[in-house]
Amino acid sequence: MFLSDTFSVNERGHLTVGGCDTIDLAGEFGTPLYVLDENKIRSTCRMYQDSIQQYYHGKGCALYASKTFSCKEICRIVQQEGLGLDVVSGGELYTALEAGFPPERIHFHGSNKTAHEIQFALDAGVGHFVVDNLTELHTLDAMARQMGKTADISLRIKPGIDAHTHEAVMTGQIDSKFGFALETGEALEAVRAAIALQNVCLKGLHNHIGSQIFDVAPFQEAARVMTNFIAQIKKETGTAIEELNLGGGFGIKYTENDQPVPYDAYMREISQTIFQNCEDLGIEIPYIYMEPGRSIVGEAGLTLYQIGSVKHIPNVRTYVSVDGGMTDNPRYALYGSEYTVLAAAQPDAPATQTVTIAGRCCESGDLIQEHIPLPQVQPGDILAVLCTGAYNYSMASNYNRVPRPAVVMVRDGVPRLAIRRESYEDLVRNDV
Ligand code: LLP
């Protein structure tokens, strides 16, 4: 077993994902290939719903952050599991609606929603808007008024917390482009502005402190800050804030060095902080939303590549070049993110060399990973990069006009196509 119960080794000695032989998957569907284990996604969704049931007595709901991996099949799965959905763009909203996701269970996020996107969401009957700034607040109010509607909203708040994670994915500190700052009084002004408007209904507050976080403490601190603010709003405006969205951010295990807190323990400890603080402040416990993304799909997936060449540079390094790269996984190039890489036909074989896994794009920074221990491998062999379910497909590009890989969903050893591989025709479809 590697990292999570999704990955195992079969009687042929091959790596498996969700009970499917990775060598067979590569043969049947081609490479590069994203593979996701449906049971793993479903069991994590259930864990979130069960924890909310247990710790908030059912007064809450998990929303899947679809930026992590948005496609129709994943929308259908999380919908069946009873979760709501967080979308951040017209494209994610369109995908969800095409999948038949109930619009009233969709929360529309985003730091710079266009008027066109707001209109699209209002027309579709989206249930909730997370408002990032005053321009958006007034645009939404005006558009809702024109339609004779009232839009339920929450305000995105920067609680002023440093979440101890990569600075590119830290979002709760004052120097952040997201939301209203508490320290400056901007957040309270936004609350007053929202209360004064006729066609928005201020239901809640939202915060998201960052992603791939391994400590409980910053989440507890954020929960305290946010409940304190709810009490302050009550005192200064008389308005009761009924909902609190705590965002996403729980870390996952990309390598054996990562030690995430079990999600259920995160949930328990954060709920205790909220209950205690609300009691101390004499306010009602708000309805709680969580917005997990990475923790739902990250460990459920892997990417399969075929090795094209192996280049030994004496006294320098060995490059193992694969048929994908930063086009299907830009995370090493962007953040230096670590992954576990295995030879899919012999995942248990002892390592005999340390290599760099290089992508096929025309730039030196196109690396999937460095310092990777591997057994001897050769052109034609299949490599597996584990835990690529989150922010890989969703951040993929067509750089160098490389078509995006296919996505296969597996369940109890049975694979099925979830997203077709892009073709060359797809690449020129919009060219005029
Ligand atoms: N809610 C909001 C408002 C968010 O901005 C995010 C992630 C989430 C929820 C979900 O967070 P999660 O549970 O996945 O940590 N591309 C980066 C990650 C960017 C995270 C963006 N926001 C990466 O590849 O690591």
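Data block above holds the structure.
Below or above, wherever it landed, is the structure these notes cover. (Residues numbered from 1 in each chain as written. Predicted model: local features only at pLDDT ≥ 70, side-chain atom pairs only at ≥ 80, totals over all residues. Heavy atoms only, no water.)

## Observations concerning the site of the ligand
Around the ligand, the surrounding shell holds 19 residues, and the nearest of these are S211, E291, R294, R331 and Y391. At 2.9 Å from an oxygen atom of the ligand is found a main-chain nitrogen or oxygen belonging to G293. Contact with the protein chains removes 91% of the 590 Å² of surface that the ligand exposes when unbound. Formed jointly, the shell around the ligand draws a minimum of three residues from each of two domains, domain 1 (7-37 + 298-427) and domain 2 (109-292). (Near = heavy atom within 4 Å. Polar contact = N/O pair within 3.5 Å; in protein donor to acceptor, adjacent residues only side chain to side chain. Areas by Shrake-Rupley, 256 points an atom, 1.4 Å probe, with all protein chains shown as cover. Domains from an automatic or database assignment.)

## Here we look at the sheet that holds strand β2 (residues 15-17)
Taken together, three strands build an open sheet; the order of strands is β1-β2-β3 and the sheet is antiparallel. Each edge of the open sheet carries a strand with a single partner, namely β1 (7-9) and β3 (20-21). Relative to β2, β1 runs antiparallel, the two sharing three bridges. Bridge pairing links S8 to T16 in β2. (Pairing = 2+ DSSP bridges. Helix = DSSP H or I, 4+ residues; strand = E, 2+ residues; numbered from the N terminus.)

## Notes on the pairing of strand β5 (residues 60-65)
Side-chain positions along a regular strand alternate between the two faces of the sheet. Most of β5 sits inside the fold, with six of its six residues counted as buried. A two-sided burial pattern is seen for β5, the buried positions comprising G60, A62 and Y64 on one face and C61, L63 and A65 on the other. The sheet contact formed by β5 and strand β13 (residues 287-290) spans three bridges and is parallel. When the bridges of β13 are listed, A62 appears paired with M290. Inspection of the sheet shows β5 paired to strand β6 (residues 84-87) by three bridges, in the parallel sense. By the bridge assignment, Y64 is partnered in β6 with L85. Since β5 and β6 lie parallel, the crossover through helix α3 (residues 72-80) that links them has a hand, and here it is right-handed. (Buried < 20%, exposed > 50% of the residue type's maximum accessible area, 1.4 Å probe, protein only. Right-handed = clockwise from strand over helix to strand, strands pointing away.)

## Brief notes about the packing of helix α4 (residues 90-98) against helix α5 (residues 115-124)
Packed helices, taken two at a time, are described by their axes: the angle between them and the distance between them. At a minimum axis separation of 10 Å, α4 and α5 run at an interaxial angle of 20 degrees. Here α5 runs roughly parallel to α4, going by the angle between their axes. Crossing angle aside, the handedness with which α4 passes α5 is left-handed. Contacts between α4 and α5 pair G90, L93, Y94 and L97 from the former with E117, F120, A121 and A124 from the latter. (Axes fitted to C-alpha atoms, helices over the stretch in contact; angles between N-to-C directions. Parallel < 35°, antiparallel > 145°, perpendicular 65-115°, else oblique. Left-handed = near helix turned anticlockwise from the far one by under 90°. Contact = heavy atoms within 4.5 Å.)

## A look at the pattern of salt bridges
Tallied over the entire structure, the rule returns 23 salt bridges. The residue E422 makes a salt bridge to R404 at a minimum N-O spacing of 3.0 Å. Of this pair, E422 sits in the loop between β21 (414-419) and α12 (424-428) while R404 is found in the loop between β19 (382-386) and β20 (406-411), placing the two residues 18 residues apart along the sequence. We classify E422 as partly exposed; its relative accessible area is 23%. (Salt bridge = Lys/Arg side-chain N within 4 Å of Asp/Glu carboxyl O.)

## Remarks on the packing of aromatic side chains
Taken as a whole and assessed by the stated rule, the structure comprises twelve aromatic pairs. Judged by centre distance (6.1 Å) and plane angle (20 degrees), the rings of F250 and Y263 are stacked. Placement of F250 in the loop between β12 (243-245) and α9 (263-281) and of Y263 in helix α9 is noted, with a sequence separation of 13 residues between them. Plain terms: the ring middles of Y287 and Y289 are 5.1 Å apart, the flat faces sit at 65 degrees to each other, and that makes the pair edge-to-face. The partly exposed category is assigned to Y287, whose relative accessible area is 28%. Site record: aromatic cluster; members linked through ring pairs are Y48, F219, F250, Y263 and Y266. When the ring centre of F108 is taken as origin, the NZ or CZ atom of K113, which lies over that ring, is 5.6 Å away. (Phe/Tyr/Trp six-rings, centres within 6.5 Å; stacked < 30°, edge-to-face > 60°. Lys NZ or Arg CZ within 6 Å of the ring centre and 35° of its normal.)

## A word on the environment of H206
Along the polypeptide, H206 turns up in strand β11 (residues 200-206). Distance in space between the C-alpha atoms of H206 and E117 is 20 Å, their sequence separation being 89 residues. In this structure H206 touches H109, V130, S154, L155, R156, I157, M226, N245, G247 and E291, once residues within four positions along its chain are discounted. Looking at H206, its side chain comes within polar contact range of the side chain of E291, at 2.9 Å.

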